[in-house]
Amino acid sequence: MSALRSLYHYLLKFPVKLFVKCKVIPDNLADQQQIDPEQPIFYVIRYQSTSDVLALQSACKKLDLPNPLKKVIINGKSFPRVFFLEKTKSVLPWKAKAKTNAIEQGFNILTEHELDAELNAQMIPVNITWGRTPTKEKNTANVGTVIADEESPTWLRKIFIVLLTGRDTLARFSDPLHFRDVKEKHGDNEATAHKLIRIARFHFYRQTISVTGPRLMHRQQMFTAMFANPAIKKIIADEVKSKNISQAKVKKQALEIMDEIAGDYRESMISVGTRVLTWLWKRLYKKIEVSNANTVRNLAQEGHEIIYVPCHRSHMDYLLLTYIIAQEGLVTPRIAAGINLNFWPAGPIFRKAGAFFIRRSFNGNRLYSTIFREYLGLLFERGYSVKYYSEGGRSRTGRLLPAKTGMLAMTIQSLLRGIDRPLTLVPVYIGYEHVMEVGTYHKELSGSEKKKESFLGVFKAIKSLRNYGKGYINFGEPININKFLADEVPDWKSAINPLDPQKPKWLTPTVNLLADKVMTNINQCAALNGVSLVALILHATENKALSKSELESQLDFFLMLQRSAPYSTELTVPPESGAELLAEVIALNKVTVNEDSFGEIISLDESATLEMRYYRNNILHTYVLHAFVCRVLECNTKVSTPTIVKQVQILLQLIKSELFLWGSEEEMRANIETTLSVLSELNIAQQNDDGNWSLMEDNNQRSKARILAECIDETIQRFAIICSLIYRLSPIDKASFEEKVVSIAKRLCVLNNISAPEFIDKKAQSMLISSMQKLGYIDRNEDSQLVPTELLKPLKDIVVNLTDIEVLQSIAR
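Definitions and limits used
Residues numbered from 1 in each chain as written. Predicted model: local features only at pLDDT ≥ 70, side-chain atom pairs only at ≥ 80, totals over all residues. Heavy atoms only, no water. Helix = DSSP H or I, 4+ residues; strand = E, 2+ residues; numbered from the N terminus. Expected span 1.5 Å × (residues − 1). Buried < 20%, exposed > 50% of the residue type's maximum accessible area, 1.4 Å probe, protein only. Contact = heavy atoms within 4.5 Å. Polar contact = N/O pair within 3.5 Å; in protein donor to acceptor, adjacent residues only side chain to side chain. Pairing = 2+ DSSP bridges. Axes fitted to C-alpha atoms, helices over the stretch in contact; angles between N-to-C directions. Phe/Tyr/Trp six-rings, centres within 6.5 Å; stacked < 30°, edge-to-face > 60°. Lys NZ or Arg CZ within 6 Å of the ring centre and 35° of its normal.

A. Summary view of helix H29 (residues 699-710). Here H29 contains 12 residues, and its C-alpha end-to-end distance of 16 Å stays within 8% of the 16 Å for a straight helix at 1.5 Å per residue. Taken residue by residue, H29 has Gln701, Lys704, Ala705, Ile707, Leu708 and Ala709 as its buried positions. Turning to H29, the residues buried within the fold contact helix H22 (530-538), strand E17 (545-547), helix H23 (548-564), helix H26 (624-634), strand E22 (692-695) and helix H30 (713-729). By the N-cap criterion, in which a side-chain oxygen at the helix start approaches the backbone nitrogen of a residue two or three places on, H29 is capped by Asp698, the distance to Asn700 being 2.9 Å.

B. Region of interest: the environment of Pro422. Looking at the secondary structure, you find Pro422 in the loop between helix H17 (406-415) and strand E14 (423-432). With sequence-adjacent residues up to four places away left out, Pro422 is seen in contact with Gly303, His304, Glu305, Asn480 and Asn482.

C. Looking closely at the sheet that holds E17. Spatially, the 3 strands line up as an open sheet ordered E17-E19-E18, and their pairing is antiparallel. The two strands at the open ends of the sheet, each matched to only one other strand, are E17 and strand E18 (592-596). Going from strand to strand, the sheet's axes swing by 25° on average, the running direction of each strand aside.

D. Structural detail: the packing of aromatic side chains. Applying the stated criterion across every chain, the model contains 20 aromatic pairs. Ring geometry for Phe42 versus Phe83: centroids 5.8 Å apart, planes at 80°, classification edge-to-face. Here the residue Phe42 occupies a position in strand E2 (residues 41-48), and Phe83 occupies one in strand E5 (residues 82-87), the gap between them amounting to 41 residues. Residue class for Phe42 comes out buried when judged on its relative accessible area of 0%. Through a chain of ring-to-ring contacts, the aromatic side chains of Trp281, Tyr285, Tyr323, Tyr432 and Tyr468 assemble into a single cluster. In this structure, Arg334 packs its charged tip against the face of Tyr265, placed 3.9 Å from the ring centre.

This is how it looks when you write it as structure tokens:
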């Protein structure tokens, strides 16, 4: 019998190899899981299916794991390596489905652990998923039901599944289960084996849902459900009454709005899109690096409603993040896209890929806002994952934009409908070594009119298929909205009203807090890369140029700081050396390379200076603490640790909301002290017997600290402008004061050759002034005009000490 089975597997191996392409998740199992190769390894899969076993064999080969077709020898006894939870259904409908011997197998292996104290066998659950076709709300006799993942398909039906979806097969490996732990916690009786099988069944069910998604509603079914929604019924009645028009006319308007908004998800579009994008990314990007995806997979498996909240750099974000989510074995989300992207042919394609469209402004349109809110709530209620960009648009400067709170508010209002599953926000950092629209951004910042999106514009941007370097997708620390509300508003559940969700008083301030946390968590999981690091360093030099050896040395210094005193533990730092990173940047044509008798010089020309400014701003926030430390050391011959800590904490608090910096005062203190230790280890700074710090005398080492300190020179100048002007011009209304600050900033741009659009940005200056108000440095008098407080004098003294004398003189004049 065993010989016949081996022959059967051998004969089927070739057609399976031809029709099946199995993607393994995670693809670095050995790095993530605690697998002991010296102990026996077993696998457990859902169905006793030859195609599943052969797919498992292919996946195990990729991971260098034992062959599932080989027996396991324990204490001289032979055991099958694979556990099957269920047998497949018979093609004969009246024939009962037979049971597997999984319980007997498990019990026998548990018994062996009683005989051998050194034995600790491992069982790895592996979920084999054929395709991603979700089940539909109402099944119809079409191909979709033939390949949809039905429970325990017959062997005949499995043939069609393999033929039609074999090229999109996923093998999801979970954490290994150790038999020794099970025996010690639950015993080695048959009841324990039964319990393990039940847990495994539920485990596989949740994993399958995380891949295929919940039951799929057709658009028309969604429209029917929305017209039955109490909130939409109420707004239709209100519109009829307030505008004195017929109900039929309002319903027609409502249907047109629903049709404009609603997505039309098709799994076939995702399948085709994945293949096209795989081809495209291989030609555009050297590599797409992904970090912390396992956290998202665990959330999906635990039943969380996942809401992806990425930063927005480029139109590529829509495609890249959705593609990566699919590649990581998760169902692709429904995507909130701007109505400006609803142009032919992109609009229909995006809609079938799951996009739903949102207007830039609701303009007080209560009918539209209600329908959109209830559509979003319906997506959450049905269990669909969602993705929206909280910035509301692409960042033109490279910095994160303050979040638009509308979508977050509607998300919380959806909870007030009484949704019974946890809603969890997953912040996502998206980074690139080249953003295809960066040239357009500078034209817009210089005053050019924003061009309307079109297919021709997108085609022109990618038609060259040039090397764009690397892309980065970092999943940040999730935010469980239910828990967040419980912490901020303990009685929030009292506002739940499934029939008519209201807007409680606590909603706006709580949403603002949540928005800041989302953006902070995005910045917390930033990705450093060669382009952004070179941009940050060269922009800190006077002529935007350094010798090649100096730049490589500076890159190594910047990398060492983040490896030893990281901005956050979620920050990703490239493993390469400074020389290797610079070689990649040169290959991308981001810098100019000139050579003289002394060696090569790396510089930025006028065009590159503007472009690289964008990439510099992507990561500036990760170095501001280190830069402030170096600035304080540079401007003081001797300074104590408490003084450094105090001054840096004060300066960080000023720009914390603008740059979405993370960390409490204690966490900042620890990072400042760690930074000082690293500077000491690198012989850049030293601490004398009195505990005072100073920079080393060596000019090469001091230059490293000086360049790092120059990274925040413009920030220091902004502090100096506000501190100086408020004393000279107060009392003054805020609008006038902001204009004066911007005027001085523009003048300093000319005098000091500063080419930074954000330096003269009125919103940035307004945010800094507001931050100084919140921290108590500036107040309002009885006429609501701005005046300095007593706290401003010590701050001004710190700022003046850190500001170049030429800048202070320019401000004074």
